[in-house]
Amino acid sequence: MTITLALLPLPDSAEPSNFLTLGREVKDVHPGNCTPEQLEDIKQALYQHEILLFRDVVLTPEQQLSLTKAFDPDSEIYGHGAKLETETSSILHSALHAIPRVPQVQLIGNGLIHNHEGLSNARLNHSTHKTFHKTVVSLEDEAKGFTRFYRWHIDAALYDLSPPKVTTLYAVRVPKGPNQTCRYDDGTGDELDVPLATTAFVSGQTMFQQLPPELKSVAVRTKVKYAPHPYVWMAPARAKPTGLGIESDDLESPFDQLPPWVEDKIKIHPMLWQNPVTRLLSFQVHPCCATELIISPLPINTARERALYPDGAHIDDLKEVRNLLYRMQRPAIAPNLVYPHKWDEKDLILFHNRGVLHTVVGTLRPDQVRVYHQCNLAASEDPTGPTSEDIIQWA
Ligand SMILES: [Fe+2]
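The rules we used
Residues numbered from 1 in each chain as written. Predicted model: local features only at pLDDT ≥ 70, side-chain atom pairs only at ≥ 80, totals over all residues. Heavy atoms only, no water. Pairing = 2+ DSSP bridges. Helix = DSSP H or I, 4+ residues; strand = E, 2+ residues; numbered from the N terminus. Axes fitted to C-alpha atoms, helices over the stretch in contact; angles between N-to-C directions. Parallel < 35°, antiparallel > 145°, perpendicular 65-115°, else oblique. Left-handed = near helix turned anticlockwise from the far one by under 90°. Contact = heavy atoms within 4.5 Å. Nonpolar A, V, L, I, M, F, W, Y, C, P; charged D, E, K, R; others polar. Core = buried A, V, L, I, M, F, W, Y, C linked by side-chain atoms within 4.5 Å. Buried < 20%, exposed > 50% of the residue type's maximum accessible area, 1.4 Å probe, protein only. Disulfide = S-S within 2.5 Å.

Participant: So what's going on with the pairing of strand 9 (residues 180-183)? Residues and values would help.
Facilitator: Relative to strand 9, strand 7 (residues 146-147) runs parallel, the two being bridged by 2 bridges. Residue pairing across strands places Phe146 opposite Thr181, the latter belonging to strand 9. Alignment of strand 9 against strand 10 (residues 191-194), held across 4 bridges, turns out to be antiparallel. Note that in strand 10 the partner of Arg183 across the bridge is Glu191.

In structure tokens form, the structure reads like this:
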């Protein structure tokens, strides 16, 4: 091994036994200027640990693109495609600004930015639950420092393009301020102390592993069908207070009112994605964009007692789809399973987008400037699902 790895600094809220493999800091190597051997070790470490942190890095957008591309040399365009800037009806439109000379690298954050990497002026808006959730934290509670997760997700267009393998996130400017308290507001009383404007991560492997056997069996047998142009489709809808999926109030745009789409480009992915190095399975579902669940029957000779959907099922009732996904995903965002990163300027995080879910958190005032460079690339291939051995083992 040509690189040095150290444990991530876990907050008091995190249960260390849940973070034995998740997340590492990489020391003594510049990720934008490393040897082929170091790069190979970084790739292996990323797939082993899902989240890698590099501190005190000076990184150009060109270096960031080249590092991101190294994980998938045949990938070329930004993960949400090249036309996001013109897709004004997408819920992502206002959050992303392409850097002109390297459009695969997006400027995200908060506040007014001048003369930054070729952008003369940009108004960045921190994605806050107040623009997305059905209910919001009151102004009074917000003043006391309460906030919410914004939207748990995978970085992926989920229409036409394949989900990026890796996302790189580089902190140029980090807002200063006291920690906030992220409330789940789902009747559990759960809450989490978070650094201001943190990015929070959870493990997809843990999301699968913590399921009871009957839901593991469902997970290993299920494929998830996504909406056409899912971010346009979902834009009028409003999310649950945990940011983990949408409330079913029939607010989504009807399919016939979306931009033109074809059935061939609709994405159907396995519910579980295989890690290319460890072969372990991660529960990788974007709950806001899913529309249908296609569940295969139990394999022959598998015990049917207590099995759910033993003969398979095709669930296309949106409320039922969301209820089942929430039941499967919610346990894995429990406070002690979340890694909320405390950002410093010049931190670079690489995460395995096919092995974690993440969300931005918190509320910022317009004068709290936050500047990040984010890059991910539509992958050259779709994720791999469970093997036949996995299905026999878990069904
Ligand atoms: Fe993201």
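Participant: Explain the packing of helix 5 (residues 213-221) against helix 7 (residues 318-329) to me, and be specific about the residues and the numbers.
Facilitator: For any two helices packed against each other, the geometry comes down to the angle between their axes and how far apart the axes lie. The geometry of helix 5 relative to helix 7 is characterised by a closest axis approach of 11 Å and an angle of 120 degrees between their N-to-C directions. Relative to helix 7, helix 5 is oriented oblique. Relative to helix 7, the crossing made by helix 5 is left-handed. Of helix 7, the residues touching helix 5 (which contributes Leu215, Val218 and Ala219) are Leu324, Arg327 and Met328. Tallied by class, residues from the contact of helix 5 with helix 7 come to 5 nonpolar, no polar and 1 charged.

Participant: Could you give an account of the nonpolar core, naming the residues involved and the relevant values?
Facilitator: Membership of the largest hydrophobic core comes to 79 residues, with the highest contact counts inside it found for Phe149, Trp152, Met234, Met271, Phe283 and Met328. The dominant element in this core, judged by the number of residues it contributes, is helix 7, at 5 residues. If we skip the residues at most four places from it in the chain, Met328 touches Met207, Gln210, Leu211, Leu215, Val218, Ala219, Met271 and Phe283. Counting residues in hydrophobic clusters, the runner-up holds 17 residues, among them Ile3, Val29, Tyr170 and Leu348.

Participant: Describe in detail unusual backbone geometry, supporting the description with residues and values.
Facilitator: Although it is not a glycine, Arg279 sits at a positive phi angle of roughly 70 degrees. Looking at where Arg279 falls in the secondary structure, it is placed in the loop between strand 14 (272-274) and strand 15 (281-283). A positive phi is found at Tyr309, a non-glycine position, where the angle reads about 45 degrees. Relative to the helices and strands, Tyr309 resides in the loop between strand 16 (290-295) and strand 17 (313-315).

Participant: Describe the environment of Pro386, with residues and values.
Facilitator: Mapping Pro386 onto the fold places it in the loop between strand 21 (370-376) and helix 8 (388-394). Expressed as a C-alpha distance, the spacing of Pro386 and Val220, which sit 166 residues apart in the sequence, is 6.5 Å. If we skip the residues at most four places from it in the chain, Pro386 touches Val220, Pro270, Leu272, Leu281 and Ile391.

Participant: Hey, could you go over the sheet that holds strand 13 (residues 268-270) for me, with residue numbers and the actual values?
Facilitator: Reading across from one edge, 13-12-16-17 is the order of the 4 strands in this open sheet, with antiparallel pairing throughout. The open sheet has two edge strands with one neighbour each: strand 13 and strand 17. With direction set aside, neighbouring strand axes in the sheet form an average angle of 20 degrees. Bridging between strand 12 (residues 222-226) and strand 16 involves 5 bridges; their strand directions are antiparallel. Residue pairing in the sheet places Val224 in a bridge with Leu293 of strand 16. Each of strand 16 and strand 17 is contacted by helix 7, which is oriented at about 75 degrees to strand 16, the strand it contacts most.

Participant: Could you give an account of the state of the cysteines, with specific residues and numbers?
Facilitator: Considering all chains together, one arrives at 0 disulfides under this definition. Considering cysteine sulfurs only, Cys375 is the nearest to Cys34, which forms no disulfide, with 15 Å between them. Between Cys182, a free cysteine, and Cys288, which holds the nearest cysteine sulfur, the sulfur-to-sulfur gap is 15 Å.

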